[in-house]
Structure formats: structure tokens, C-alpha cells
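Here is how the chains run, residue by residue.
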Amino acid sequence: MTEIKYDRQSRIPEWDQKKITNAKVAVIGAGALGNHVCLGLIGLGVGSIKIFDYDEIETHNLNRQSLFRENDIGQNKAEILAELLMERNSSIEIIGIDEKIEEDTIDDIIRDVDVIVDCVDLIYVRYFLNRFCIERNIPLIHGGISWTGGQTGILTRKTPCIRCIYPDALQKEELDNETSCIRNPEASVVYISQIIAGLMVYNVRQVLLPLPMDFKHPSGLLKMDVRLENPFYFEKTMRKKKCACVKLLKKVAPDILKEEKENLKKIEKENLKELQKTVEMSNDKKSKKKSTSIKKKSSKSAKIAKISKKISKSK
Ligand SMILES: [Zn+2]
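Residues numbered from 1 in each chain as written. Predicted model: local features only at pLDDT ≥ 70, side-chain atom pairs only at ≥ 80, totals over all residues.

Colleague: What is the right way to read the overall build of the protein chain from this model?
Modeller: Helix and strand counts for the protein chain stand at 12 helices and eight strands. Residues classed as buried in the protein chain amount to 30% of the 315 residues present. Counting contacts in the protein chain only where the partners sit at least 6 residues apart, residues at least 24 apart contribute 68% of the total. (Helix = DSSP H or I, 4+ residues; strand = E, 2+ residues; numbered from the N terminus. Buried ≥ 20, exposed ≤ 12 C-beta atoms within 10 Å, placed from the backbone. Contact = placed C-beta atoms within 7 Å.)

Colleague: It is not clear to me how helix α7 (residues 123–136) should be interpreted in this structure. Could you clarify?
Modeller: Each full turn of the α-helix corresponds to 3.6 residues, which orients residues three or four apart in the same direction. A rise of 1.5 Å per residue sets the reference length of α7, with its 14 residues, at 20 Å; its end C-alpha atoms lie 20 Å apart and thus fit the reference within 8%. Within the sequence span of α7, burial applies to Ile-123, Arg-126, Leu-129, Asn-130, Cys-133 and Ile-134. Viewed along the axis of α7, the buried residues span an arc of 130°, placing them on a single side of the element. Once α7 finishes, Asn-137 follows within two positions and takes phi at roughly 60°, a positive value. (Expected span 1.5 Å × (residues − 1). Arc of directions from axis to C-beta.)

Colleague: Help me understand the environment of Arg-64 in this model?
Modeller: Secondary-structure assignment places Arg-64 in the loop between β2 (48–52) and α5 (77–88). Using a count of 20 C-beta atoms within 10 Å as the deciding quantity, one classes Arg-64 as buried. Sequence separation of Arg-64 and Ile-192 is 128 residues, and the distance between their C-alpha atoms is 9.5 Å. Apart from residues lying up to four places away in sequence, Arg-64 is in contact with Ala-32, Ser-188, Val-190 and Ser-193.

Colleague: Before we go on, may I ask you to explain the packing of helix α4 (residues 32–44) against helix α10 (residues 190–208) in this structure?
Modeller: In a packed pair of helices, the relevant descriptors are the angle between the two axes and the axis-to-axis distance. Put simply, α4 and α10 touch, their axes get as near as 8 Å, and they point 45° apart. The orientation of α4 relative to α10 falls into the category oblique. For the element pair α4 and α10, the recorded crossing hand is right-handed. Residues Ala-32, Leu-33, His-36, Val-37, Gly-40, Leu-41 and Leu-44 of α4 form the contact with α10, whose own contacting residues are Val-190, Ser-193, Gln-194, Ile-196, Ala-197, Gly-198, Met-200, Val-201, Val-204 and Arg-205. When its residues are assigned to classes, the contact of α4 with α10 shows 11 nonpolar, five polar and one charged. (Axes fitted to C-alpha atoms, helices over the stretch in contact; angles between N-to-C directions. Parallel < 35°, antiparallel > 145°, perpendicular 65-115°, else oblique. Left-handed = near helix turned anticlockwise from the far one by under 90°. Nonpolar A, V, L, I, M, F, W, Y, C, P; charged D, E, K, R; others polar.)

Colleague: So what exactly am I meant to see when it comes to the sheet that holds strand β8 (residues 232–236) here?
Modeller: The pairing of strands in a sheet comes from backbone hydrogen bonds and takes either a parallel or an antiparallel form. Reading across the sheet, the eight strands line up as β3-β2-β1-β4-β5-β6-β7-β8 and stay open at both edges, with mixed pairing between neighbours. Edge strands, defined here as strands with exactly one partner in the open sheet, are β3 (93–97) and β8. Here the average twist between neighbouring strands, direction ignored, is 15°. The pairing of strand β1 (residues 24–28) with strand β4 (residues 115–118) spans four bridges and is classified as parallel. Looking at β4, one finds that Ile-28 is bridged to Asp-118. Each of β1, β4, β5 (140–145) and β6 (149–155) is contacted by α7, which is oriented at about 170° to β4, the strand it contacts most. (Pairing = 2+ DSSP bridges.)

Colleague: Where do I start with the nonpolar core in this structure?
Modeller: Grouped burial of nonpolar side chains is what soluble globular proteins tend to show. If you look at the biggest cluster of nonpolar residues, it comprises 60 residues, and the most contacted ones within it are Val-25, Val-27, Ile-28, Val-37 and Val-117. The greatest single-element share of this core, amounting to eight residues, is contributed by α10. If we skip the residues at most four places from it in the chain, Val-37 touches Val-27, Val-117, Cys-119, Ala-197, Met-200 and Val-201. (Core = buried A, V, L, I, M, F, W, Y, C linked by C-beta atoms within 7 Å.)

Colleague: How do you make sense of α5 when you look at a structure like this?
Modeller: For α5, with 12 residues, the first-to-last C-alpha span of 17 Å sits near the 16 Å given by 1.5 Å per residue. Restricting attention to buried positions, one finds in α5 the residues Lys-77, Ala-78, Ile-80, Leu-81, Ala-82 and Leu-85. Buried residues belonging to α5 abut α4, β2 and β3.

Colleague: What am I meant to see in the packing of α7 against helix α11 (residues 244–252) here?
Modeller: Direction vectors running N to C along α7 and α11 enclose 20°, while the axes themselves pass 10 Å from each other. With respect to their mutual orientation, α7 and α11 come out roughly parallel. Judged by the twist between their axes, the crossing of α7 over α11 is right-handed. The residues of α11 that touch α7, namely those facing Arg-131, Ile-134 and Glu-135, are Cys-245, Leu-248, Leu-249 and Val-252.

Written out as C-alpha cells, the structure is:
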């Protein structure tokens, strides 16, 4: 049955469905991104999905949180989403957990997962998800949306972290926290959630089942904005020297920092060599130009001398 279910994707060269079927994924947030990400994960056939959300379904959620129905209003998002997904794919273990994940509870709540998918809308939650994932060495699939676009990225110990990307966001978020989601919600539209969620599921697949056809991105975020002529673009990210992740990595994985330093040195050396080459080449060109212009000048003056000789003879 499983083989038939995933037959079409299994035709992709080097696809190994078992790697996906054996995987355990946690999805944090069952809103617009969470709905579409989970739909994608059951499509991939991820073996175990745990969904976390403590929020209730409201009328204004229904147009973007596509799986919820009018009858579900007032119920917990994570639990209902799990129920609805199980109706679609009974061979997957799906658990909806009505629990608020906090800095001091995350270690007890999330256990035994291969990947965590960030579908939350508050940056401070992302901050402690970030810390947790680095400590436990769990890849974090980050995703975020606005009404015209969004972004996603694979964050691991070997990449810059959320705090490297948004170092100053906490203060802003603390100020806005009370009002941003409840009294002054941001504009949001379903098609953006669908696009970014699709890319996030693609990132989950890349982590669980890397394929030779995958484009090897440097560390960074795949971004999208529908207002642009080329709406998809890749933005490289760099680890901030003073970021909290550096302190944490020194404790849990110092080798990674050493490796990064050595790689940086190599890159700097290569860049310096390239720069020297270009300087030498431009100097060469300049001196060639000079010599050819001198030659031209001398041949010109020789011609002038010949002509003036002829003129004086004819006189
Ligand atoms: Zn960082």
C-alpha cells in the first residue's frame, strides 16, 4: 500500500522513500503555514508528525488555514489538524498537541524528532527554538511570511542561526508582542502561505533525503516577493561573531567553529590571490596599451617625416 501511495515521487532518481517514512518531524504552529506544511509532509509520507499549537480556530483563520472547517471554530488547532490529516493518510502517525511551547518547557515537550519545522509567527519563540535545535543538533526549517512574500531556510549547527539573521528583533518584538498578533494583526493571504509552505516541505525533504539533483546552496535564505520581476532569490547569510550561537557552539560543537574559521581563511586567501591576479592583469594591459600607443605614435611620426620629405623634394 505504502509503495503505491508514494509511487510517483519514488520514480525520481535515487529517491529512497524509507528515509522519509522512518522520519519524525515536529511542526511548531498550526496556522496558515502549519496547515500547508503538514499537508505537504503527509504527501511526502513522513512517518511521524507531531503538531504543536495552543491556539483555538477562529472565523478569520478559515480562508488561509485551508484544512479547517466552519464546524472546527473554537477547537484547538493542533488537535483538529492532526485529526483531519489522519483522515487523509492513515498510515502516518500524527499527533496534535495542545501545548504552549516556552523557553523553559521546550526541553520536556519536544523529544525524539529528526527535523523541526518553524511555522510560528513570533520571533521570540523562534529564538528559543533556535537555541534548542543547536543544542540538540536538530535541523530547523525556518519559514516566515508577509502579504507579498516570505522566506525559508535550513538552519543547522553549520549555518548561521536565527539570531545571526535577526539580531535586533527581540526588543522590537517585546514592544509589539502585545498588539502585533491580537489587536493589530498583519495582513496575510493564502497563496503566499501555500508557496512558502511548499518550499519549506522541499527543505524538509532535502534534509531527510538529500538528492544529487539538489542545488547546493551556501548558507542562507530562499526568499520570495511577488512584486519583483524575478520573485524568487537567494540571500546568503553570515554567522555574526558576537551572536549567542557562537557561545553555544563553543560549548556543544567547538569543532564546527574551528572548521568555519579555517574555511574562512581559505576563502580569504583565495580571494586575495584572485585580487592579485586581477591587479596584475590590469597592470599588464596598461603597460601593453602604453607600448602600443608609443609604437603607434612613432609610426605616425615616421609617416609624417616621410610625407614632409616628399613635400620638400617636390618643392
Ligand atoms: Zn547566530
